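Remarks on the overall topology
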Amino acid sequence: MTEPSTQPEDPGSGQQPQEADRLREILRAPGYLKLLAFAALIGIPVSLIAFWFLVGLHELEHVLWADLPQGLGWDAPPWWWPLPLLLVAGAVVGLVAARLPGAGGHVPASGLHTGGASPNTLPGVLLAGAASLPFGAVLGPEAPLIALGGGLALLFRDLTRAPATPQSAALLGAAGAAAAISAIFGNPLIAAVLLIEVAGLGGPQLFAVMLPALFSSGVGALVFTGFGRWTGLETGSLSLKLTTPFPRLDAADVLWTIPIAIALAVLLYPVLAAARRIAAYVSGGVPSRTVLCAVAAAVCAALYALITDRTPADVALSGQTTLGRLAADPHAWGVGALIAVLLFKGAAYTLCLGSLRGGPVFPALFLGAAAGVLVAPLPGLGLVPAMTAGMAAATAATLRLPVSSVVVVVLLLGSSAMMPIAILAVVIAFVTTELLPIGTATPAAPRAEQPAADAGSPKAAGAP
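The following refers to the structure shown. (Residues numbered from 1 in each chain as written. Predicted model: local features only at pLDDT ≥ 70, side-chain atom pairs only at ≥ 80, totals over all residues. Heavy atoms only, no water.)

Looking now at the overall build of the protein. The helix and strand inventory of the protein stands at 16 helices and zero strands. Within the protein, buried positions represent 54% of all 464 residues. Long-range pairs, those at least 24 residues apart, make up 82% of the contacts in the protein between residues at least 6 apart in sequence. Surface exposure of the protein reaches about 19,200 Å², of which carbon and sulfur atoms provide 66%. (Helix = DSSP H or I, 4+ residues; strand = E, 2+ residues; numbered from the N terminus. Buried < 20%, exposed > 50% of the residue type's maximum accessible area, 1.4 Å probe, protein only. Contact = heavy atoms within 4.5 Å. Areas by Shrake-Rupley, 256 points an atom, 1.4 Å probe, with all protein chains shown as cover.)

Take the environment of Val410 next. Among the secondary structure elements, Val410 is positioned in helix H15 (residues 402-413). With relative accessibility at 14%, the residue Val410 sits in the buried group. Between the C-alpha atom of Val410 and that of Ala422, which follows or precedes it by 12 residues, the distance is 7.6 Å. Not counting residues up to four positions away in its chain, the partners in contact with Val410 are Ser415, Ser416 and Met419.

Judged by nonpolar contacts, the single largest core of 127 residues is most densely connected at Leu145 and Met391. Here this core takes 12 residues from helix H14 (residues 383-399), the largest share from any one element. Setting aside anything within four residues of it in sequence, one finds Leu145 in contact with Ala50, Phe53, Leu54, Ala180, Ile181 and Ile184. (Core = buried A, V, L, I, M, F, W, Y, C linked by side-chain atoms within 4.5 Å.)

This brings us to a nonpolar patch on the surface. A contiguous nonpolar patch, built from Trp79, Val299, Leu303, Leu306 and Ile307 and spanning about 470 Å² of accessible area, is present on the exposed surface. Within the secondary structure layout, Val299 lies in helix H10 (residues 287-308). The exposure class assigned to Val299 is partly exposed, which follows from its relative accessible area of 36%. (Patch = residues over 30% accessible without salt bridge, like charges linked within 9 Å, V, L, I, M, F, W, Y side chains within 5 Å. Salt bridge = Lys/Arg side-chain N within 4 Å of Asp/Glu carboxyl O.)

On the secondary structure map, Ser355 appears in helix H12 (residues 335-355). A relative accessible area of 2% places Ser355 in the buried class. The spatial distance from the C-alpha of Ser355 to the C-alpha of Ala137 is 9.6 Å, given a sequence separation of 218 residues. Excluding residues that lie within four positions of it along the chain, Ser355 makes contacts with Val93, Ile278, Val282, Thr290, Cys293 and Ala294. Here Leu351 takes part through its backbone oxygen, which lies 2.6 Å from a polar atom of the side chain of Ser355. (Polar contact = N/O pair within 3.5 Å; in protein donor to acceptor, adjacent residues only side chain to side chain.)

Right, let's get into the packing of H10 against H12. Two elements in contact, H10 and H12, have axes separated by 8 Å at closest approach and are oriented at 170°. In terms of orientation, H10 and H12 fall into the roughly antiparallel class. Counted together, Thr290, Cys293, Ala294, Ala296, Ala297, Cys300, Leu303, Tyr304, Ile307 and Thr308 of H10 and Ala337, Ala340, Val341, Phe344, Ala347, Ala348, Leu351, Cys352 and Ser355 of H12 form the full contact between these two elements. Considering only residue class, the contact of H10 with H12 consists of 16 nonpolar, three polar and no charged. (Axes fitted to C-alpha atoms, helices over the stretch in contact; angles between N-to-C directions. Parallel < 35°, antiparallel > 145°, perpendicular 65-115°, else oblique. Nonpolar A, V, L, I, M, F, W, Y, C, P; charged D, E, K, R; others polar.)

Our focus in this paragraph is the packing of aromatic side chains. Using the criterion set out here, one finds five aromatic pairs in the structure. Aromatic side chains Trp74 and Trp81 sit 6.1 Å apart centroid to centroid with 70° between the ring planes, which places their arrangement in the edge-to-face category. An aromatic cluster is built from Trp74, Trp80 and Trp81, whose rings are joined through pairwise contacts. Between the NZ or CZ atom of Arg289 and the centre of the ring of Tyr281, over which it lies, the distance is 4.9 Å. Here the basic side chain of Lys345 rests over the ring of Phe366, its NZ or CZ set 5.3 Å away from the ring centre. (Phe/Tyr/Trp six-rings, centres within 6.5 Å; stacked < 30°, edge-to-face > 60°. Lys NZ or Arg CZ within 6 Å of the ring centre and 35° of its normal.)

So, on to the pattern of salt bridges. Close approach of charged atoms lets side chains of opposite charge pair. Evaluated as defined, the whole model comprises three salt bridges. For Asp314, the salt bridge is made with Arg310, and the minimal N-O distance between the two is 3.0 Å. Residue class for Arg310 comes out partly exposed when judged on its relative accessible area of 26%. Through salt bridges that share partners, Arg310, Asp314 and Arg325 make up one connected network.

The next subject is the side chain of Asp314. Checked against the element boundaries, Asp314 lands in the loop between H10 and helix H11 (320-328). Relative accessible area serves as the criterion here: at 1%, Asp314 is assigned to the buried category. Within polar-contact distance, the side chain of Asp314 engages the side chain of Arg325 at 3.4 Å. Those residues in contact with Asp314, other than ones at most four positions away along the chain, are Tyr304, Thr322, Arg325, Trp333, Val341, Lys345 and Phe366.

On inspection of all chains with the given rule, the structure shows zero disulfides. For Cys293, which is in no disulfide, the shortest distance to another cysteine sulfur is to Cys352 and amounts to 9.0 Å. Not engaged in a disulfide, the cysteine Cys300 finds its nearest cysteine sulfur in Cys352; these two sulfurs lie 8.6 Å apart. (Disulfide = S-S within 2.5 Å.)

With that out of the way, let us pick up the environment of Tyr304. Position of Tyr304 among the secondary structure elements: in helix H10. On the accessibility criterion, Tyr304 (0% relative accessible area) is buried. With 12 residues separating them in the primary sequence, Tyr304 and Ala316 have C-alpha atoms 9.9 Å apart. With residues near it in sequence (within four places) discarded, Tyr304 still touches Asp309, Arg310, Thr311, Asp314, Val315, Trp333, Ala337, Ala340, Val341 and Phe344. Among the polar contacts made by the side chain of Tyr304, one reaches the side chain of Asp314 at a distance of 2.9 Å.

For Asp309, which is not glycine, the phi torsion reads 60° and is therefore positive. Position of Asp309 among the secondary structure elements: in the loop between H10 and H11. The residue Arg400 is not glycine, and still its phi comes out positive at about 60°. Within the element layout of this structure, Arg400 appears in the loop between H14 and H15.

Running from amino to carboxyl end, helix H9 (residues 251-282) crosses H12 at an angle of 40°, the nearest separation of the two axes being 7 Å. Considering their axes alone, H9 and H12 lie oblique with respect to each other. Two packed elements cross with a definite hand, and for H9 against H12 that hand is right-handed. Every residue of H12 that contacts H9 at Val271, Leu272, Ala274, Ala275, Ile278, Ala279 and Val282 is listed here: Gly346, Tyr349, Thr350, Leu351, Leu353, Gly354 and Ser355. Residue composition of the contact of H9 with H12, grouped by class: 10 nonpolar, four polar and no charged. (Left-handed = near helix turned anticlockwise from the far one by under 90°.)

So this is what it looks like as C-alpha cells:
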C-alpha cells in the first residue's frame, strides 16, 4: 500500500515546469534565434529613420513657432498665431483620415497600441503626424513613432523577402515599435516596459515578444544616441533639468500625494470621456469636422494668450518644451497663469485627442506638472514632490498603464529619489480611474492583434 505524500498539493506546481519548458523550447527554436538577430538589425534603420523624423518635427516646430514670428517682427508668437496653423493641421489630417490607408494612424483618444501598423499605412502616419505635431496639436510624438517603427519593421521584412507569417508580423512589429519609441524617451527600458503593458502579454509569450523588442530598442538607442551626437541635431528628448534639489520625503509629502492623485484622476476622467465623444464625432470621414475641432483647439490657445499675455505656445504643442521651462523656473508662473494653462490646455488636449494624430503622454505630463506647481504651496508640501505626484497621477489616469507611468516619471526626473511618491500617486490615480462609473471611461488601449497570442509557441518563432 502506497504511503500518502506528506507534501501539500500545489495546484500550480505542475504548470510552472511546463511554462519553463515551453520557454526553453521557444528560445532553442532556430527560427526564433534568427528572428532575434533580425530584430537587432531592424533597430539600426528604424532608429535612424525615427531620428530624422523627430529632427524634422523639431526643426519645423522651431521654424513655425520661433523663426517665422521673429522674422515678421514679433518676439513671441502673437495671440492669433495658432489659428492658421491648426487650421492647416485639421485640414490635412481630415483629408488623410478620409483618403489614405490607415487613416493616418489610430485616434489618440483610444490610447496607445501596437496593432494595425503596416507598410501601406506609413505615408498617412507620417503626413498626419507632421501636420499635427509641429503645427500646434496638443499631442506628443509617441503614437506616430510606434506606428512608424512597426510599419518599417514589416517593410524591411518584405524588402528582404523573408517569410511573412502572422506570428513574425507580431514579433517584428513589436521590435520595430520599441526601437522607434526608445528614441523619444531617450531610454530603451521605457520602450520595453511600455510595450509590455500596451500589448497585455504574460508568461512565455511575454518573453517571446519582448526579447526582440528589448534587443531592437537597445541597438536602436545606441545608434540613435551616437548619431545625434555626431550630427549635433536635436530631437527634443524627454528630460527635465530641475533647479530645485531633491528633498527628503516626509509625512506631509506622502499625505498630500493622496488627494492630489484622486483629484487629478477625477478631473481628467471627463476630459478623456469627452475626447472619445469627439473621436466619434469626427469618425464619419468628413474632413470639415476635423478642421472644426482643430480650430477650436487653436481658439483655446489664442484665448489663453489674450487673457494672460503669455505665448500661445504654452497651450498649443505637446508641452514638452514648456514642461522644461516650467521645471527650470516654476516661479515665473503666477497662480492665474497656472489655472489658465490648466483650463485652456486641458480643453485643447481634449479636442486634439479626439481629432488629430499624436500621442497622449507629453500633454498629460505637463498638465500634471502644472497642477503640482499650483498646489506646491500647501503646508508641508515641497515643489518637487508635488510635481512628481502630479505628473505620475496624470500619466496613469490618461494612459491607464501603471508601471509605464512610474518608469516614465522616474526617468524624466533622472533620479529614483521621488519613486515612492510616483508609485503612490500612480496606484491611487489608476485605482480611482478604474472605480469611476463605467460607460464614459476611457477604454484600455486596444491589445495586440490575435496572432500575437500564438507568439509564444515554438512554431511561432519562424525565421523572419
